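Residues per chain are reported as follows:
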Protein chains: 2
Amino acid sequence: MALSQDETTARGRATAEMVAERANVSRVAVSRAFNPHASLKPAKRELILRIAQELNYTPDRAARALVSGRSHLVGVIVPDVCSHWESQEIDALTTALQAEGFATLLFKTRIDYSMDEQLLAYMRGFNPDSVIAFVENVKPTTLAKFLDRAVPIYIHYPRSGAPEDRQAGPLHDRLNVLHRTGVEQAVSLLQGYGARRIAYVSGVDKSRANTAREDMLRVVMAERGLAPPIIAASDFSYDRAYAATLDLFRVGEGADAVFAANDVGAFGVIDALRHELNLRVPEDVKVVGFDDIAQSHWKSYNLTTVKFDLEERVRALVRLILRRLNNPDAPPLEETLNTRLVVRGTVG
Amino acid sequence: MALSQDETTARGRATAEMVAERANVSRVAVSRAFNPHASLKPAKRELILRIAQELNYTPDRAARALVSGRSHLVGVIVPDVCSHWESQEIDALTTALQAEGFATLLFKTRIDYSMDEQLLAYMRGFNPDSVIAFVENVKPTTLAKFLDRAVPIYIHYPRSGAPEDRQAGPLHDRLNVLHRTGVEQAVSLLQGYGARRIAYVSGVDKSRANTAREDMLRVVMAERGLAPPIIAASDFSYDRAYAATLDLFRVGEGADAVFAANDVGAFGVIDALRHELNLRVPEDVKVVGFDDIAQSHWKSYNLTTVKFDLEERVRALVRLILRRLNNPDAPPLEETLNTRLVVRGTVG
DNA sequence: TTGTAGGCGTTATCAG
DNA sequence: CTGATAACGCCTACAA
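First things first, this report covers the structure right here in the doc. (Residues numbered from 1 in each chain as written. Chains lettered and ligands numbered in written order. Predicted model: local features only at pLDDT ≥ 70, side-chain atom pairs only at ≥ 80, totals over all residues. Heavy atoms only, no water.)

A word on helix H4 (residues 42-55) of chain A. Residues and elements named next belong to chain A. Helix length check: H4, at 14 residues, gives a terminal C-alpha distance of 20 Å against a target of 20 Å (1.5 Å per residue), a fit within 8%. Among the residues of H4, Arg45, Ile48, Ile51, Ala52 and Leu55 are the ones counted as buried. The arc that holds the buried residues of H4, viewed along the axis, is 135°, so those residues lie on one side. Exposed side chains of H4 directed beyond 90 degrees from the buried face belong to Pro42, Ala43, Glu46 and Gln53. Where H4 is buried, its residues touch helix H2 (16-23) and helix H3 (27-33). (Helix = DSSP H or I, 4+ residues; strand = E, 2+ residues; numbered from the N terminus. Expected span 1.5 Å × (residues − 1). Buried < 20%, exposed > 50% of the residue type's maximum accessible area, 1.4 Å probe, protein only. Arc of directions from axis to C-beta. Contact = heavy atoms within 4.5 Å.)

All right, on to the protein's contact with DNA strand D then. Close contacts around DNA strand D come from 20 residues, with Ser31(A), Tyr57(A), Arg64(A), Arg32(B) and Lys41(B) the closest. When atoms of DNA strand D within 4 Å of the protein are sorted by moiety, sugar and phosphate together comprise 64%. With respect to DNA strand D, the backbone of Asp60(A) contributes an N or O atom lying 3.2 Å from a phosphate oxygen. At 2.6 Å, a backbone N or O of Lys41(B) approaches a phosphate oxygen of DNA strand D. Those elements that place two or more of their residues in the surface near DNA strand D are H3 and helix H5 (61-68) of chain A together with helix H3 (27-33) and helix H5 (61-68) of chain B. (Near = heavy atom within 4 Å. Polar contact = N/O pair within 3.5 Å; in protein donor to acceptor, adjacent residues only side chain to side chain.)

What follows covers the relation of the copies chain B and chain A. In this structure, two copies of a chain are linked by a rotation about an axis accompanied by a shift along it. Between chain B and chain A, the superposition needs a rotation of 180° and an axial shift of 0.0 Å, giving an RMSD of 0.1 Å. The operation mapping one copy onto its partner corresponds to a two-fold rotation axis. Interface overlap between copies is the fraction of interface residues in one copy that are interface residues in the other; for chain B against chain A it reaches 100%, indicating a shared surface. (Least-squares fit on C-alpha atoms with pLDDT ≥ 70 in both.)

Moving on, we get to helix H9 (residues 180-192) of chain B. All names here are of chain B. The end-to-end C-alpha separation of H9 is 18 Å, in line with the 18 Å expected for 13 residues at 1.5 Å each. Those residues of H9 that sit buried are Gly182, Val183, Ala186, Val187, Leu189, Leu190 and Gln191. In the core, the buried residues of H9 are packed alongside strand E6 (198-201), helix H10 (208-223), strand E8 (257-260), strand E9 (286-291), strand E10 (304-308) and strand E12 (339-342).

Overall, the coordinates contain 23 aromatic pairs over all chains when judged by the stated rule. Between Tyr238(A) and Trp298(B) the ring centres are 4.2 Å apart and the planes differ by 0°, which places this aromatic pair in the stacked class. A residue pair is termed interchain when its members come from two chains, as with Tyr238(A) in helix H11 (residues 238-250) and Trp298(B) in the loop between E9 and E10. Here Tyr238(A) and Trp298(B) have matching classes, each one buried. In textbook terms, an aromatic cluster arises when at least three aromatic residues are bridged by ring pairs, as seen for Tyr238(A), Tyr242(A), Phe267(A), Trp298(A), Tyr301(A), Tyr238(B), Tyr242(B), Phe267(B), Trp298(B) and Tyr301(B). (Phe/Tyr/Trp six-rings, centres within 6.5 Å; stacked < 30°, edge-to-face > 60°.)

We now examine the protein's contact with DNA strand C. Near DNA strand C, the surroundings consist of 21 residues, among which Val28(A), Arg32(A), Ser39(A), Ser31(B) and Arg64(B) are the closest. Atoms of DNA strand C within 4 Å of the protein: sugar and phosphate make up 63%, bases the balance. One of the side-chain nitrogen or oxygen atoms of Lys44(A) is found 3.2 Å away from a phosphate oxygen of DNA strand C. A distance of 2.6 Å separates a phosphate oxygen of DNA strand C from a polar side-chain atom of Arg64(B). Sorting elements by how many residues they give to the surface near DNA strand C places H5(B) first, with four residues. Classifying every residue of the surface near DNA strand C by side-chain character gives 11 nonpolar, five polar and five charged. (Nonpolar A, V, L, I, M, F, W, Y, C, P; charged D, E, K, R; others polar.)

Below you can see the structure in the form of structure tokens.
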């Protein structure tokens, strides 16, 4: 059967109408063919889908979003796409979302971790079904103000003690990340190898992840009778961790062991120790990181680190998203993630 | 002025209608207020925008896309979001696109570099205005079949000789990446330091980037009177490059210098040489990479590498996208990117 | 199981 | 410069 003039010369995409005409069915039937829930005689559905494929037709998600209220877009806000942990998380998240029929919509905030309202307004225009903020200093209130339908997901770091009350406020779901186990294991290990004076090369000052890690380290060290950690200010980056380490050992008092706020920072620490200060790792100084990114097993570093299970974390996030979408009016949802120590060569 | 019942209790987002009502103007005026090109009395525009902000209104891009035919979405297809070069490129690209009012829509292909049609059909549903494929083995024909409005952008690696004819076929734009300059500089440097037997630790076999690099290396080495490179098969990853290096020196004939298909591979080469084979870099073996990712200056590697200027590359891509959108029927567009050697510590 | 009617929120077109 | 009207492509009623 030859294509009509219209079909062959059409510039734009094929529409449902064209498929319907060709299959001798109504437009609605075409819509139903693409919606598994709708009832349609199997043979008819099959025919429609076949013709759709021939004509290279796919339903337009923008039009679909307009009427159904679901965009199948998940907004992801990151300060730094190319930082190692984030990029690994985005990768895994995109794969998982794709499998569920969603696509990842990426937004970058300013590097200083400030969440400008302009970006939020901008993002809202795309009408994401859900938003995950890998950004630290934005309050649920602010985000909720800009997102009407989507329920934001927060990464939360509970204190060690009793479960805190949830402050009343706009609805948001959260992923609780528990640092205690991993930090306890790390401090034990360091103590076991005789470390007493432990330094902490920090992450970005305002960052909640950084605060949570530093606090937990302080708590665990106190419980185990150690003096508070020596704090060396840094910002999660290799370069600043490198510089902070030089300061710590040249100007400051040095340390037996260094805890870095993340793995990349730990690499900076290790390189400063080995290549500039001529100290051996782990013989002279032990080093522990946070995250367990893919590079941490590379031989040049072979880093002992407090691991967050990336796959587990992404699964938890996707669960939160899907549960919320299936039940928009549900009370706040939570998922919890634990940490554990991965022992490699920088402590010993 | 008190909000009406409807406005305060409304679940969904504010609509243009609500803003219009409140500002005593027509819906169309609201639309115009948000469109810089449209003519509207400045005072009126200001009023509308103020009220819009109060009501927290932003135009719905899905609806806008439906009628205007522009989604302001740029699809990016990557095999591996978290590989270093890609993540750095996505980061820079997202920033640049955001500044132009576009958002990045991320898609992951299978790791084996195969571009399944299912993914393309899936992506098309989102109606991207443009598509950048960081994927290798997909032909323009395939991509064009699935994208009607969007014009794909290809990364192309011209041979050294005369400019080839463009094969007739579906329209697509391209970014030409010229390897010659950087490779010539690198080979000179290696020769200058006495290297004669040069090995190439490859990238993924099917990858065009890999083929282009290997070919250019072969050509340049021949021109300079060197024997063809010894090929060690790898796949751009640290781990396989590490293993390939062990093979090369334990089972194979070894080499004076190793060219890795990318920086991450070079890190694997260096670590294998230093930590497993007890060879010194650069004294015993010299190493050169490709890309110049952010990690290449880290002290543990301090890699000499053939640099692609990321910022320049992203600017070129954005130029291609904008030019094409402003002129959909333009003939094929091209941009060209050069390479140069960044000299650090792994050759000397 | 199928088809008809109506509307989702916006912009283009055409009047004034 | 402004406003009415008609699409855009699809889905959810509702009726048959």
